[in-house]
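Structure at a glance
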Amino acid sequence: MSSPPTDPALQASEISDVLAELAKACDDQVRRAEDGDEVGGLPARLVAAPGSTREAADVLRVAADHRLRVVARGHGTKLHWGATPSGVELIVDTTRLSGVVEHAAGDLVAVVGAGTALATLQEVVGGAGQELAFDDPLGSTVGGAIATSPSGPRRLLRGTLRDLLIGVTFVRSDGVVAKAGGKVVKNVAGYDFGKLLTGSYGTLGLITEAIFRLHPRPVRSHHVTRTISDAADIGPALRAVLASQTVPSAVDVDWPAEGPRQVSVLLEGTEDGVEQRADAVARLLDTDVGDGAAPPWWGHYPFGPDDVAIKLTCPLTEVGTTMRRAHARAAEHGLSLASRASAAGVVHAATPGDGPPEAVASLVHELRAGIAAYDGSVLVLAAPQPLREGLDLWGPVPGLALMRRLKHELDPVHRLSPGRFVGGI
Amino acid sequence: MATTAQRRPRDLDRLAARLRTVLGEGAVITDRNRLRTYECDGLAHYKVTPAIVVLPHTTAEVAAVVRACVDERVPYVARGSGTGLSGGALPSAEGVLVVTSQMRDILETDAPGERAVVQPGVINLHVSKAAAPEGYYYAPDPSSQQICSIGGNLAENSGGAHCLKYGFTTNHVTGVELVAPDGEIVRLGGKAPDPPGYDLLGAFVGSEGTLGIATEVTVRLLRAPEAVRTLLAAFPSTDEAGGAVSAIIAAGVLPAAVEMMDALAIEAAEAAVHCDYPQGAGAVLIVELDGPAPEVEAQFGEVQRHCRDNKAFEIRIAADDIERALFWKGRKSAFAAVGRISPDYIVQDGVIPRTALPAVLRRIAALSDGEQGQGTEGPSGVRVANVFHAGDGNLHPLVLFDESVPGEAEKAEAISGAILDLCIEYGGSITGEHGVGADKAKYMPRMFTDDDLDTMQMLRCAFDPLGLANPGKIFPTPRLCGEVPGRHKGVHPLAASGVAEVF
Ligand SMILES: Cc1cc2nc3c(=O)[nH]c(=O)nc-3n(C[C@H](O)[C@H](O)[C@H](O)COP(=O)(O)OP(=O)(O)OC[C@H]3O[C@@H](n4cnc5c(N)ncnc54)[C@H](O)[C@@H]3O)c2cc1C
């Protein structure tokens, strides 16, 4: 596959013309970039904020005309995730694509603009006793969450955003609007583009609207939490809970850089049901049911914006092993590590971003070598600029040739978040 | 044309010879009579005899077959058990049918890891049977689960009665090894979640054999529920039954399954399997709850209350597995049972928002009582039996007709199409689980714009630029790969949307 043509876009002489065209495209909601309008440290030139799918299409058509490289931005909470793009002239601010367009409570479905805060969506559907069964660790917009597919504890029972997204509208790099899926949960007509867009880092299209399936909000929830003093007990504890018939919504482990390790099990359901299940889980973990409150670390990533953020995946049976290895390797390199795992087979880990770059690079390398033994992956979700250069963020990517071909079909000139994704896509 | 007709068979002979050297004599079928076994899938009114049938045993053999087809530019179609209801496995007359019936090994069941690794020809139910001793099962349960294959399930993103709570095939496949249309063997995902890069696995599931052939599938196993409670409730009509479904869902109960049958479907089931459903019911609901015992207990009473509040005149509760099986027997045999009350029938598969159920059922009744069907004149008089996965609004209207009466087949076809139009009108879908296949490709433009379809075909072009993998399915018109709109090639990009319309 040919590599993307680079054609350093947007001459200074052109910029006022482009501004005028963009202004026409999106109701004057366009401006020159200011401080902070950057992606992974790379300053953009222009910011446009379309207010509808139609306007977004017009904006992308102007961008196509002038060969602008485009990155979408919601709340900007994960704009530093992924590789630094090879360039960006235009940031498309999605926050005007906002609002819950429709909440069909009886059908447990919501149609929502991509720039809507997930919190807003939860508030609206919460009014009807419903929820999007997705934990949002960072305060994302709908579009930002789909594009990066973060995940929290309840992925164990409900899956990730890919499993909740039933329809999507997006704009291709050439400004053509396309949709896939629809407003019904059960639907096998056509290819599932929602899955392709989920976790695509904005490289395939600009998401403007999403349709989600919702779940009834449980009447009662209860956390059973236990401290684990011997790390070798993590695996058996997780296995005991998963092998039981208590159907936890989430089972997460916290292994802080300092302080006690904990495992916490979330049970959701009816009043009576949760009470009895909590008893059963407490017996399995040899602890008491406690007050049911979530531990303070619950639902948060272990990393902050200045850390190296690592995501490890593994088979369910290897979560304990994966955590122990990660901490052992980090210690060998003199790196402090904090990690949090879901029993579903995902470990998020953090090491401070000011650590020695070679040590961090070796750690990532060794984690990859370790995980190769049992299927899984090690991604660096984010890393501060100086560290990023020496890191392979993605590791091996099976199917990369097909992915490149898909990118080539949808964005042949590589103008959407170019270089931000796997294999330089 | 003439030269093509002369050239083809020679190419195909050469191809057959090459396939014989790779797969062995016994695994390549070219005998006319034996080929006819494979001329249709579960949708028997489309029939095409394939030129060659192959029965590979391994991934390497599948890859060799695909490479040979690519070399000869011959189309190929994958086939599992051939139970598909949309003509997805309908062969190409001048192509190869790749049947997975010799790839039926369960390679691994890993109960603690909640995964099984299977070959594509493995029968759906056999996965659950293999995992049962350890207390696990495979959740997607199409009514055809005793015969359909995991590869077919994956290709169709099949559902089943219990998908309301547990999701569809796509939510239960974590990895696949496939032979891509260029003959390359590719692994996507595995036992671990969230493989890096685009979610090609998510797109591959449900792609109906148009993106390649699955040769190994990793599926999720679930821990068997502690308790299962099932009830059968009889209602005066589908309106009340629909009301009960809405009330149950509105109360925040998520049953494992909620299935509905109307009077005509019940009549057929009685005739076929003597399921002994309550006399005089205008509709029955089967509601099943499963999960931790205390949760099921708490919610089962609530479900019964909603049924009674919506005028259920009889509620039966399954005392044991045998009674539960009897409740389900009527429902699971419904398609075939209709054969007892009608010489011919069409099984339709459409989806509507659950809340539109009563309205759409009235419209369907009106269609069969005489409202104009698509292209029909005056009262249609065509009978429609209704069976549905009511919890998720998936309708299976069974349109009854008699082929031997002139005009009836056309009328039935028109009513069947009009039902899909209703589904679209109410914001639903033209297929909830049977797939688009050959049968519904013509309806795709009613649900999607040209741009939508064009975009979907870009995925197909990425996988299969030559268009050899199951051509003619899903899309009403093929897209010539390489035509990428928006490229700066003469046409002003501002006209890009206009350009797209040309395709
Ligand atoms: C009585 C009856 C009841 C049914 N009930 C249900 C139901 O409840 N829910 C439901 O969803 N469906 C149902 N079906 C439809 C059908 O059983 C499913 O679609 C099933 O998944 C098809 O599996 P199969 O092995 O028979 O596939 P086939 O019919 O052989 O093939 C189906 C499609 O899959 C492709 N394919 C097959 N194997 C592969 C492979 N290895 N790689 C790539 N593509 C492949 C084929 O090319 C074709 O497009 C029912 C059918 C019948 C006859």
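The rules behind the values
Residues numbered from 1 in each chain as written. Chains lettered and ligands numbered in written order. Predicted model: local features only at pLDDT ≥ 70, side-chain atom pairs only at ≥ 80, totals over all residues. Heavy atoms only, no water. Near = heavy atom within 4 Å. Polar contact = N/O pair within 3.5 Å; in protein donor to acceptor, adjacent residues only side chain to side chain. Areas by Shrake-Rupley, 256 points an atom, 1.4 Å probe, with all protein chains shown as cover. Helix = DSSP H or I, 4+ residues; strand = E, 2+ residues; numbered from the N terminus. Nonpolar A, V, L, I, M, F, W, Y, C, P; charged D, E, K, R; others polar. Domains from an automatic or database assignment. Contact = heavy atoms within 4.5 Å. Buried area = accessible area lost by both parts, 1.4 Å probe. Salt bridge = Lys/Arg side-chain N within 4 Å of Asp/Glu carboxyl O. pLDDT = per-residue confidence, 0-100. Disulfide = S-S within 2.5 Å. Buried < 20%, exposed > 50% of the residue type's maximum accessible area, 1.4 Å probe, protein only. Phe/Tyr/Trp six-rings, centres within 6.5 Å; stacked < 30°, edge-to-face > 60°. Pairing = 2+ DSSP bridges. Axes fitted to C-alpha atoms, helices over the stretch in contact; angles between N-to-C directions. Expected span 1.5 Å × (residues − 1). Arc of directions from axis to C-beta.

**Comments concerning the site of the ligand**
Residue and element names in this part refer to chain B. As a structural note, the neighbourhood of the ligand is formed by 33 residues, with Ala78, Gly80, Thr83, Ser144 and Ser149 the closest of them. One of the backbone nitrogen or oxygen atoms of Gly80 is found 2.7 Å away from an oxygen atom of the ligand. When isolated, the ligand has an accessible area of 970 Å², and the protein chains bury 94% of it. If you list the elements that add at least two residues to the shell around the ligand, you get strand S3 (76-79), helix H5 (150-156) and strand S10 (213-220). For the shell around the ligand, the leading source of residues is H5, giving five residues. Here the residues of the shell around the ligand sort into 10 nonpolar, 19 polar and four charged. Counting contributing residues per domain, the shell around the ligand is built from domain 1 (4-99) and domain 2 (106-223), each supplying no fewer than three.

**Structural notes on the interface of chain A and chain B**
Between chain A and chain B, the contact holds 85 residues from the first and 92 residues from the second. With both sides pooled, the region where chain A packs onto chain B buries about 7000 Å², and carbon together with sulfur makes up 59% of that total. Broken down residue by residue, the surface that chain A buries against chain B is led by Lys186, Val188 and Tyr191 of chain A, which jointly contribute 14%. The interface formed by chain A and chain B includes nine salt bridges. The partner of Arg155 of chain A in a salt bridge is Asp194 of chain B, with the nearest N and O atoms 2.8 Å apart. Our enumeration of links across chain A and chain B arrives at 27 residue pairs in polar contact (both at pLDDT 80 or more). Tallied by class, the residues present in the side of chain A that touches chain B amount to 37 nonpolar, 23 polar and 25 charged.

**Overview of the domain arrangement of chain B**
Residues and elements named next belong to chain B. The domain boundaries assigned to chain B delineate domain 1 (4-99), domain 2 (106-223), domain 3 (227-335), domain 4 (344-386 + 393-445) and domain 5 (451-495). Between the C-alpha centres of domain 1 and domain 2 the distance comes to 24 Å. Listed by partner, the interface residues are 15 residues for domain 1 and 16 residues for domain 2. Across the domain 1/domain 2 interface, buried area totals approximately 1200 Å², and carbon plus sulfur atoms make up 63% of it. Seen at the junction of domain 1 and domain 2, the total is zero salt bridges. On the surface where domain 1 and domain 2 come into contact, there are five residue pairs in polar contact (both at pLDDT 80 or more).

**Remarks on the confidence of the model for chain A**
Per-residue confidence for chain A averages 95 on the pLDDT scale, and 98% of its residues sit at or above 70. Contacts for the low-pLDDT stretch residues 1-7 of chain A, under 50 throughout, to residues beyond four places or in other chains number seven contacts.

**A few points about the state of the cysteines**
Residue and element names in this part refer to chain B. Using the criterion set out here, one finds one disulfide over all chains in the structure. What pairs with Cys461 in a disulfide is Cys481, and their sulfur atoms sit 2.1 Å apart. With the S-S bond torsion at -85°, the cross-link from Cys461 to Cys481 turns out left-handed. Remark: Cys481 occurs in the loop between helix H16 (450-463) and helix H17 (496-502) and Cys461 occurs in helix H16; sequence separation between them is 20 residues. What makes Cys481 partly exposed here is its relative accessible area of 27%. The structure places no disulfide on Cys40, whose sulfur is separated from the nearest cysteine sulfur, that of Cys148, by 16 Å.

**Concerning the packing of aromatic side chains**
Inspection of the entire model under this criterion finds 10 aromatic pairs over all chains. With centroids separated by 5.3 Å and ring planes inclined at 70°, the aromatic side chains of Tyr191 of chain A and Phe475 of chain B adopt a geometry described as edge-to-face. Placement of the pair is Tyr191 of chain A in the loop between strand S11 (177-181) and helix H7 (193-197) and Phe475 of chain B in the loop between H16 and H17, with the two residues belonging to separate chains. Judged by its relative accessible area of 1%, Tyr191 of chain A is buried. For Phe475 of chain B, a relative accessible area of 5% puts it in the buried group. Ring plane angle 25° and centroid distance 4.6 Å describe the contact between Tyr301 of chain A and Phe303 of chain A, whose orientation is recorded as stacked. Residue classification places Tyr301 of chain A among the buried residues on the basis of a relative accessible area of 10%. The buried category is assigned to Phe303 of chain A, whose relative accessible area is 12%.

**Concerning the sheet that holds strand S15 (residues 250-255) of chain A**
All names here are of chain A. With antiparallel pairing, seven strands are arranged side by side in an open sheet as S14-S16-S15-S18-S19-S17-S20. Both outer strands of the open sheet, strand S14 (220-228) and strand S20 (377-382), are each paired with one neighbouring strand and no more. Pairs of neighbouring strands in the sheet enclose a mean axial angle of 20°, with direction left out of account. As paired strands, S14 and strand S16 (residues 261-269) are joined by nine bridges and run antiparallel to one another. Across the sheet, His223 pairs through a bridge with Leu266, a residue of S16. Contacting S14, S15 and S16, helix H8 (residues 234-243) runs over the sheet at an angle of about 170° to S15. Across the sheet, helix H9 (residues 271-285) lies against S14 and S16, angled at about 155° from S16, the strand it touches most.

**Quick notes on helix H11 (residues 321-332) of chain B**
Quick reminder: α-helices carry 3.6 residues per turn. Residues three or four places apart thus point the same way. All names here are of chain B. Between its terminal C-alpha atoms H11 stretches 15 Å, which fits the 16 Å expected from 12 residues at 1.5 Å a residue. Taken residue by residue, H11 has Arg324, Phe327, Trp328, Gly330 and Arg331 as its buried positions. One side of H11 carries all its buried residues, which in axial view fall inside an arc of 150°. Two to three positions downstream of the cap, the backbone nitrogen of Ile322 sits 3.2 Å from a side-chain oxygen, assigning the N-cap of H11 to Asp320.

**Some details on the pairing of S10 of chain B**
Residues and elements named next belong to chain B. Of all eight residues in S10, seven are buried, a share of seventy percent or more. In this structure, strand S6 (residues 115-118) lies alongside S10, joined through four bridges in antiparallel fashion. Opposite Val118, over in S10, you have Val217 as the bridge partner.

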